[in-house]
Number of protein chains: 2
Amino acid sequence: MNWEDNVRKVIPYTPGEQPVGDVIKLNTNENPYPPSPEVKKVLSEYDTSELRKYPDVYGGKLRDKLSEVYGVSRDNIFVGVGSDDVLAIAFLTFFNGREPVIFPDITYSFYDVWCDLYRIPYEMIPLNDEFRIIKEDYIRPNGGIVIPNPNAPTGVEKSVEDLEFIIKNNKGSIVIIDEAYVDFGGRSVLPLIEKYDNLLVVQTFSKSRSMAGVRIGMAFGSSKLIGYMNDVKFSINSYTMNRLTIEAGAAALEDNEYFVRTCEKVISTRERVKKQLKELGFDFPDSKANFIFATHKRVKAEDIFNAAKAKNIYVRWWNKPRIDDYLRISIGTDGEMDALVGFLREYLDGSI
Amino acid sequence: MNWEDNVRKVIPYTPGEQPVGDVIKLNTNENPYPPSPEVKKVLSEYDTSELRKYPDVYGGKLRDKLSEVYGVSRDNIFVGVGSDDVLAIAFLTFFNGREPVIFPDITYSFYDVWCDLYRIPYEMIPLNDEFRIIKEDYIRPNGGIVIPNPNAPTGVEKSVEDLEFIIKNNKGSIVIIDEAYVDFGGRSVLPLIEKYDNLLVVQTFSKSRSMAGVRIGMAFGSSKLIGYMNDVKFSINSYTMNRLTIEAGAAALEDNEYFVRTCEKVISTRERVKKQLKELGFDFPDSKANFIFATHKRVKAEDIFNAAKAKNIYVRWWNKPRIDDYLRISIGTDGEMDALVGFLREYLDGSI
């Protein structure tokens, strides 16, 4: 026998390219603004002798502060190493049935990766031609439901009312609403966790709080549901949230004014760039996220992607059915977006 | 149908108590000394604007530095959120056969938790009466082998020669040697990874490097083996090592002199305390770790445990077969150990 026979073989998720050097990086939906100065302050003053001790298994003051800021009890909060950690644990915890878990065909590309890894049956429900989720499609036997709102990479938002329709008609399943991008003008279903014990709302510090590099994600749900997730989490690794992460996260939450201001800035840049892209001949579903999912009327997405890359401007392109003529463009600073728009104007002029 | 029918129900690992306030904490094998001053320095000077970006998926300069310090290629190194993360991923990656995974009956209590969680068949091989691993017991059909060295909570070390006997006679299985405590005077099997592609050596920053609160673990193995682990890791959460952790870990590795000095200090305190415990009527296997696993000739471990706790001295006690008359006592500072020994002297005098 060979040990390789027993290896779990997977097709792993491919993260967006992380180029180094002097590039304009609009390919991984990072926030162009630094985290709150409070984060700098807390780290520079931190008593590192504390680091010799294990951290709090529940995330300590990070969870306390989330409870305060989001107005939910600590028992309704789960924290993890980015929303990927939170979602992976939720999949492992809740999706152990025979019926397929369902989610949109065009969506965050980690959902099917987790299903494959944990051998969870799943089915993808096609978005309509305008990249919209049809709520009635989610009323069918299932082993769980995952809906990102706004959806990625489309940026399309689904109304809270439509999501509630799905949640209340699926009381026998866990419904996960992945709100990674909700702070850029979307509406959260968070208030519904009091009404539905089958609802899990997942958010992250990676986009709106400018802390992709710190890895903080959180889930809100009924205490019963959070309890089951903690049991599984404590069976994998009790101490995932390290002391520095807890300090940095709590400090960022202290500075809500900064958070609101940077979100507004990203939103206003997005709205401006939408107009410019329209003028340049792009089409896109209306985005409520920190990116725009755009296709050009005449020029192929792949060509634009490669030409931009040659000029050190990175956007995201997938060679996948239905979306292979689209580019996902993250919202950067005004300067970065001006550079992108300038490049596009020149490139598209030259290519027609 | 109820969503609870599909929940993965587990009996989670119970971490050691984390009491707060003015206590002597000798129950979770934390290092009594703070991390290197280099860690303080790097954090206080860190440019937090970097935190808006995702970290390197391979652990960046932390892995580079490990490669330098341990003298192995970067392709032979996997880093994770503490050795629990590393081990959990190794179990999920490598233990997918029908034969049981085997490990000692008295050992780190997470091994069977991971097996239960991931539905891996396993069998525990009894240690002999002196808490020793009998190498011939591990020559039998199996789906993988896990051996902690030194073992926990016994502190007993197995020779590199005996471990090599097990590794070379199990070329069809992955053999994990969990060296969480190896830096306190044990000998590592690390050089054997060049010879055996089925060997995975796991270590951690939580004990000898005084960084339990930062969560860094690492595995060393053949590049093929590390590649499979990365595939699974990237299917769960690509970005587990955050930017602060990477900085702090790399800084600690810079200061090797500090590391050697604190390890020597812990070892010398341990050897001194061994003598004192003997004088007080304790028996214990000879420990090569930063704890002593002790039983008293006359007084029950549970009674000592409770009496110490009442005096705000925390050690670890398990109500489990074969070890319920033992205490695991972590090595603290000389002052902390003097307080423990003082308490024991008084308590044992009064109880006879």
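Described below are features of the structure shown in this document. (Residues numbered from 1 in each chain as written. Chains lettered and ligands numbered in written order. Predicted model: local features only at pLDDT ≥ 70, side-chain atom pairs only at ≥ 80, totals over all residues.)

Comments concerning the overall build of chain A
Counting its secondary structure elements, chain A contains ten helices and twelve strands. The C-alpha radius of gyration of chain A comes to 21 Å, within 12% of the 20 Å expected for a compact globule of 352 residues. Dimensions of chain A, computed from C-alpha atoms along their principal axes, come out at roughly 60 × 55 × 55 Å. In chain A, buried positions account for 54% of the 352 residues. Across chain A, contacts joining residues at least 24 apart in sequence account for 72% of those joining residues at least 6 apart. (Helix = DSSP H or I, 4+ residues; strand = E, 2+ residues; numbered from the N terminus. Rg over C-alpha atoms; globule rule 2.2 N^0.38 Å. Buried ≥ 20, exposed ≤ 12 C-beta atoms within 10 Å, placed from the backbone. Contact = placed C-beta atoms within 7 Å.)

Topic: the relation of the copies chain B and chain A
For the match of chain B to chain A, the screw axis carries a shift of 0.0 Å, the RMSD comes to 0.0 Å, and the turn is 180 degrees. Such a turn and shift between the copies fits a two-fold axis. Considering only C-alpha atoms, the part of chain B nearest the rotation axis is Ser44 of chain B, at 1.8 Å. Interface overlap between copies: 100% of the residues of chain B at the interface are likewise at the interface in chain A, consistent with a symmetric, same-surface contact. (Least-squares fit on C-alpha atoms with pLDDT ≥ 70 in both.)

Remarks on the nonpolar core
Counting 224 residues, the largest nonpolar core has Ala90, Val201 and Ala219 of chain A together with Ala90, Val201 and Ala219 of chain B as the members making the most contacts within it. Setting aside anything within four residues of it in sequence, one finds Ala219 of chain B in contact with Phe78, Val86, Ala90, Leu200, Val201, Val202 and Met229 of chain B. (Core = buried A, V, L, I, M, F, W, Y, C linked by C-beta atoms within 7 Å.)

A closer look at the packing of helix H2 (residues 60-70) of chain B against helix H7 (residues 243-254) of chain B
Residue and element names in this part refer to chain B. Running from N to C, H2 and H7 cross one another at 20 degrees; their axes reach a closest spacing of 7 Å. Considered as vectors, H2 and H7 are oriented roughly parallel to each other. Crossing of H2 against H7: the hand is left-handed. Here Gly60, Lys61, Leu62, Lys65, Leu66 and Val69 of H2 lie close against H7, whose contacting residues are Ile246, Gly249, Ala250 and Leu253. Across the contact of H2 with H7, the residue classes break down as six nonpolar, two polar and two charged. (Axes fitted to C-alpha atoms, helices over the stretch in contact; angles between N-to-C directions. Parallel < 35°, antiparallel > 145°, perpendicular 65-115°, else oblique. Left-handed = near helix turned anticlockwise from the far one by under 90°. Nonpolar A, V, L, I, M, F, W, Y, C, P; charged D, E, K, R; others polar.)

Focus: the sheet that holds strand S9 (residues 282-283) of chain A
Sheets are built from strands paired through backbone hydrogen bonds, the pairs being either parallel or antiparallel. Residues and elements named next belong to chain A. Sheet architecture is open: three strands sit in the order S9-S10-S12, paired in antiparallel fashion. Sheet topology places S9 and strand S12 (327-330) at the edges, where each strand pairs with a single neighbour. The pairing of strand S10 (residues 291-296) with S12 spans four bridges and is classified as antiparallel. By the bridge assignment, Ile292 is partnered in S12 with Ile329. The strands touched by helix H8 (residues 256-279) within the sheet are S9 and S10, with S10 carrying the most contacts at an inclination of about 0 degrees. (Pairing = 2+ DSSP bridges.)

Brief notes about the pairing of strand S7 (residues 199-204) of chain A
Residue and element names in this part refer to chain A. Within S7, six of the six residues are buried, leaving the element largely enclosed by the surrounding structure. By the alternation rule, side chains of S7 split into Leu199, Val201 and Gln203 and Leu200, Val202 and Thr204, which are all buried. Bridge count between strand S6 (residues 175-178) and S7: four bridges; the pairing is parallel. Looking across to S7, one finds that Val175 is bridged to Leu199. Of the pairings in the sheet, the one linking S7 to strand S8 (residues 217-221) comprises five bridges and is antiparallel in character. For Val202, the partnering residue across the bridge sits in S8 and is Ala219.

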